[in-house]
Amino acid sequence: MPTSPTPLVLVSGSGRSGTSSLAGTLKRLGLHVPQPEVEASETNPRGFYEPQWVIDFHKRHLRELALFNIDSRPAAVGLVADYLASGEPTAELREWLSGQLDAEQIVVKDPHAFWFAAAWESVSAELGADLRWLTALRHPAEVVGSRDIAYLSSQSDDLRLTKETSNVAGWVHAALLTEQAGRGHKRSFVRYVDLLADWRVALAPVQQQLELDFNTDLSSTEHHPVDDFIEPSMRKSQLTWDDVRTPDWLRDMAEEVWQLLGVLTTSPKDRDTLMALDRIHDDYNARYADAVALTFDHTKAESTLAAREARDAQRATVQQLRRELDQARRAGRPQNVGGREAASILGRAVVRRVRRPRG
């Protein structure tokens, strides 16, 4: 039974981990998804079950910080903390959430939520909502490879290694931060493969751990709308580490995190598991720092080249503007070349420069 008049379940987890399936299942079990929702698309025809406002909120602030959903940089944590210190994002969230608490039980799904866990915690406590975390788990090889393998299959080995290594690192970082965000709250973890195999069995511990009311008895075999929503065929990607290019140490780290998170499905507060995850987190941060130091010359050179290219582009734009102004004057319209016409010429020059294909 719920211990609060307004349980607020945050469904998080890396993108393509089954978060939509999990949120859609909870909605059919009687929990309320704040409206309007993100509309279904060709990539997810069954629906996302994400409140549009929440998605826009998180994405807008992540863009402001130049952060990615599964950003691999340890420094990103400090960037978000400093950003939240202004109080503005928290105030926005407070205003929105205060108008959503009329429902008996609420489910908010967004894979970006872990970045703003501090804001969700403070606002929930202030408004009297009982924040609970539900994390969808899917093997990192499937998460990383589900799109990247198809897109990069025809690319060079170097590009494939770079992209997939970055994505595996991002998965590890996001998984560790998501787990850390739920500590101190009611929380639960569920494997995507278990949800698809038998949603009743998979959600029985979730119901108990999060203290939720469902509109059906999970021990009953009576047909339920979730039976028409969840089916094993939804797991379209069944990749392994053989399908992903990444350094051995990072693969081993990701696999260990995956195994430890699996322990939390039955014991969400297991002390030994949490200590092991903290050890891996420290190791990840140290290895990332080593990688940054190792690639310092590469990063510096790339930055120098990018600045040079920007200067060349600006110079080319100015030269193009001068040529067009000279052509206009030679055409006998000197009195009209200036103001709006000059701005129009400049605009056309910039557009041409931006659209020019890179060699």
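Shown above is the structure to which this text applies.
Residues numbered from 1 in each chain as written. Predicted model: local features only at pLDDT ≥ 70, side-chain atom pairs only at ≥ 80, totals over all residues. Heavy atoms only, no water.

*Asks:* So what exactly am I meant to see when it comes to helix α5 (residues 117–127) here?
*Replies:* Think of an α-helix as 3.6 residues a turn; residues three or four steps apart then line up on the same face. Looking at α5, one finds that the buried residues are Ala117, Ala119, Trp120, Val123 and Ser124. For α5, the buried positions fall inside an angular range of 155° around the axis, keeping them on one side. More than 90 degrees from the buried face of α5, the exposed residues found are Ala125 and Glu126. (Buried < 20%, exposed > 50% of the residue type's maximum accessible area, 1.4 Å probe, protein only. Helix = DSSP H or I, 4+ residues; strand = E, 2+ residues; numbered from the N terminus. Arc of directions from axis to C-beta.)

*Asks:* Just to check I follow, could you spell out the sheet that holds strand β1 (residues 7–12) for this structure?
*Replies:* Strands belonging to one sheet form pairs held by backbone hydrogen bonds; the direction of such a pair is parallel or antiparallel. In space, the four strands of this open sheet follow the order β2-β1-β3-β4, with parallel pairing throughout. Unpaired on one side and paired on the other, β2 (106–109) and β4 (186–191) mark the two borders of the sheet. Pairwise comparison of adjacent strand axes, ignoring direction, gives a mean angle of 20° for this sheet. Bridge count for strand β3 (residues 130–137) against β4 is six bridges, and the pairing is parallel. Pairing of Arg132 across the sheet is with Lys186, part of β4. Together, β1, β2, β3 and β4 form the strand contacts of helix α1 (residues 19–28), whose direction differs from that of β1 by roughly 155°. (Pairing = 2+ DSSP bridges. Axes fitted to C-alpha atoms, helices over the stretch in contact; angles between N-to-C directions. Contact = heavy atoms within 4.5 Å.)

*Asks:* Just checking my understanding: could you explain empty space enclosed by the protein for this structure?
*Replies:* Where empty space is left in the structure can be found by rolling a water-sized probe over the atoms. What the rule picks out here adds up to one cavity of 30 Å³ or more. Taken together, 14 residues form the lining of the largest cavity, with Ser14, Thr135, Ala136, Leu137 and Ala175 sitting closest to its centre. Elements with a contribution of two residues or more to the lining of the largest cavity: β3 and α7 (157–181). In terms of residue class, the lining of the largest cavity is made up of seven nonpolar, five polar and two charged. (1 Å grid on protein atoms, 1.4 Å probe; cavity = no way out; pocket = protein on both sides within 12 Å on 5 of 7 lines; lining within 4 Å. Points joined across faces, edges and corners; volume = space filled by probe spheres on them. Nonpolar A, V, L, I, M, F, W, Y, C, P; charged D, E, K, R; others polar.)

*Asks:* Looking at this structure, I do not really get the layout of surface pockets. What am I missing?
*Replies:* Computed from the structure, the second largest pocket encloses a volume of approximately 890 Å³. Taken together, 24 residues line the second largest pocket, and the ones lying closest to its centre are Ser72, Thr165, Ser166, Tyr288 and Ala291. Residue assignment for the lining of the second largest pocket shows that the elements contributing at least two residues are α7, α11 (248–263), α12 (271–294) and α13 (296–330). Here the lining of the second largest pocket takes seven residues from α12, the largest share from any one element. Classifying every residue of the lining of the second largest pocket gives ten nonpolar, nine polar and five charged.

*Asks:* How do you make sense of the packing of helix α2 (residues 52–64) against helix α4 (residues 88–97) when you look at a structure like this?
*Replies:* Packed helix pairs are characterised by how far apart their axes lie and by the angle those axes make with each other. Packing of α2 against α4 brings their axes to within 12 Å, and their N-to-C directions diverge by 180°. It follows that α2 is roughly antiparallel to α4 by the angle criterion. Residues Trp53, Val54, Phe57, Arg60 and His61 of α2 lie in contact with α4, whose contacting residues are Pro89, Glu92, Leu93 and Trp96. (Parallel < 35°, antiparallel > 145°, perpendicular 65-115°, else oblique.)

*Asks:* Looking at this model, I keep getting lost on the pattern of salt bridges. Mind explaining?
*Replies:* Counted by the stated rule, this structure contains 19 salt bridges. The residue Glu179 makes a salt bridge to Arg183 at a minimum N-O spacing of 2.8 Å. Relative accessible area serves as the criterion here: at 25%, Arg183 is assigned to the partly exposed category. One network of salt bridges, with partners in common, ties together Glu179, Arg183, Arg187 and Asp278. (Salt bridge = Lys/Arg side-chain N within 4 Å of Asp/Glu carboxyl O.)

*Asks:* I keep staring at the environment of Leu137 and nothing clicks. Help me out?
*Replies:* Residue position: Leu137 is located in strand β3. The class for Leu137 is buried, based on a relative accessible area of 4%. Setting aside residues no more than four positions away along its own chain, Leu137 makes contact with Ser17, Phe189, Val190, Arg191, Tyr192, Trp258, Leu261, Gly262 and Thr265.

So yeah, pure geometry; function would need other evidence.
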